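The chain contents come next:
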Amino acid sequence: MDGFAFSPGVEEWPPSLNDWYVSQGLSKPGQLTMGSPSNPNWTARWIGDAVAFDLIPLGMGYEADMPPQAVDAITDWGGLMLIVTHAEVPAEVVSSEQEFATFMGAGNYTTAWLPLA
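The model shown is predicted, which means the values in this text are computed figures rather than measured ones.

Caption draft 1: View of the overall build of the protein. Of the regular secondary structure elements, the protein holds four helices and five strands. Across the protein, helices and strands are ordered from the amino to the carboxyl terminus as α-β-β-β-α-β-α-α-β. In the protein, buried positions account for 28% of the 117 residues. Once local pairs closer than 6 in sequence are excluded, the contacts in the protein between residues at least 24 apart make up 56%. Accessible surface, the protein: about 7300 Å² in total, of which carbon and sulfur atoms supply 54%.

Caption draft 2: Quick look at the pairing of strand β2 (residues 50-55). Along β2, five of the six residues are buried, which leaves the element largely enclosed by surrounding structure. Pairing of strand β1 (residues 44-47) with β2, which is carried by four bridges, proceeds in the antiparallel orientation. Paired with Ile47 across the bridge in β2 is Ala50. Between β1 and β2, which pair antiparallel and follow one another directly, the connecting turn spans two residues, one of which, Gly48, has a positive phi of 65 degrees.

Caption draft 3: Broad picture of the environment of Gly61. Turning to its location among the elements, Gly61 is positioned in strand β3 (residues 59-65). Using a relative accessible area of 61% as the deciding quantity, one classes Gly61 as exposed. Sequence-distant contacts of Gly61, that is, excluding residues within four places in its chain, are made with Phe53 and Asp54.

Caption draft 4: How the structure looks around the environment of Pro68. Examined against the element boundaries, Pro68 turns out to sit in helix α2 (residues 68-77). Once the C-alpha coordinates of Pro68 and Asp49 are considered, the two residues, 19 residues apart in sequence, prove to be 7.8 Å apart.

Caption draft 5: The environment of Pro40, seen in detail. In this structure, Pro40 sits in the loop between α1 (17-23) and β1. Since its relative accessible area comes to 74%, Pro40 is described here as exposed. Residues Pro40 and Leu114 lie 74 residues apart in sequence; the distance between their C-alpha atoms is 8.9 Å.

Caption draft 6: Quick peek at the packing of aromatic side chains. Enumeration over the complete set of coordinates arrives at four aromatic pairs. Ring geometry for Phe53 versus Tyr62: centroids 5.7 Å apart, planes at 20 degrees, classification stacked. Judged by centre distance (5.8 Å) and plane angle (25 degrees), the rings of Phe103 and Tyr109 are stacked.

Calculation rules
- Residues numbered from 1 in each chain as written.
- Predicted model: local features only at pLDDT ≥ 70, side-chain atom pairs only at ≥ 80, totals over all residues.
- Heavy atoms only, no water.
- Helix = DSSP H or I, 4+ residues; strand = E, 2+ residues; numbered from the N terminus.
- Buried < 20%, exposed > 50% of the residue type's maximum accessible area, 1.4 Å probe, protein only.
- Contact = heavy atoms within 4.5 Å.
- Areas by Shrake-Rupley, 256 points an atom, 1.4 Å probe, with all protein chains shown as cover.
- Pairing = 2+ DSSP bridges.
- Phe/Tyr/Trp six-rings, centres within 6.5 Å; stacked < 30°, edge-to-face > 60°.

Shown next, in the form of structure tokens:
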């Protein structure tokens with residue numbers, strides 16, 4: 001997802017885009033409580049083998065196809081962790097567990113827990 005919006009009464013840029021996402025309800029790296037909704041209005045739902053979610057007022061109508069192992073994991077956990085980054089495109093730089101660990105260690109992202117509706 002990509003975008004930026006000001007809330008009523010907010011008239012200046014935050015120190016960073018990650019700070020803005022945190023102010024909207026997402027968590028800093030390592031601070032997400034798995035299984036606890038980041039925002040009661042944010043949920044995920046299945047559309048076939050795709051997971052769809054809306055993050056109002058951040059964005060709406062996001063949908064992503066999931067491989068079978070992700071479908072099983074999301075169903076078992078009862079939700080998913082959404083990772084929002086603007087530093088790099090994970091699909092272009094993460095092709096192994098080691099690269100994923102390096103990406104996560106850099107901390108250039110925020111997270112949200114989206115329970116299945």
